[in-house]
Amino acid sequence: MKCFDCAWAEEIVDAVGVCHHCGVGVCMRHCHVALEPGHHLAGVGQSTLSRPARELTCLTCHFAMTPAYSAEAKGSAR
Ligand SMILES: [Zn+2]
Ligand SMILES: [Zn+2]
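These figures come from a predicted structure and were not determined experimentally.

**Let's talk about the overall build of the protein**
Scanning the protein for helices and strands turns up 3 helices and 4 strands. Helices and strands appear in the protein in the N-to-C order α-β-β-β-α-β-α. Counting only residues that meet the buried cut, the protein has 18% of its 78 residues in that class. Considering only contacts in the protein between residues 6 or more positions apart, those separated by 24 or more positions represent 44%.

Right under this line is the structure:
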């Protein structure tokens, strides 16, 4: 599989993974590895019960979800 975003820019780059949300192939430059949101709320030293899961997304999906995530994080931080 080739990276979708690279193909969009008329480049041919092998994909290293698949977006968890939309299913396109992504290369290292065009992917974002996120940990599950619950990790931010839990204590750093007590993560034995809820280990963060890896979630690979393309940048399009990452930015599409970022506003909701950042707003949530700011709300909980205050
Ligand atoms: Zn790419
Ligand atoms: Zn995606």
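**Some points on the nonpolar core**
Core analysis: the largest hydrophobic core is formed by 9 residues, namely Cys 3, Phe 4, Ala 15, Cys 19, Val 24, Val 26, Cys 31, Cys 58 and Cys 61. Excluding residues that lie within four positions of it along the chain, Ala 15 makes contacts with Met 1, Lys 2, Cys 3, Gly 25, Val 26 and Cys 27.

About the cut-offs
Residues numbered from 1 in each chain as written. Chains lettered and ligands numbered in written order. Predicted model: local features only at pLDDT ≥ 70, side-chain atom pairs only at ≥ 80, totals over all residues. Helix = DSSP H or I, 4+ residues; strand = E, 2+ residues; numbered from the N terminus. Buried ≥ 20, exposed ≤ 12 C-beta atoms within 10 Å, placed from the backbone. Contact = placed C-beta atoms within 7 Å. Core = buried A, V, L, I, M, F, W, Y, C linked by C-beta atoms within 7 Å.

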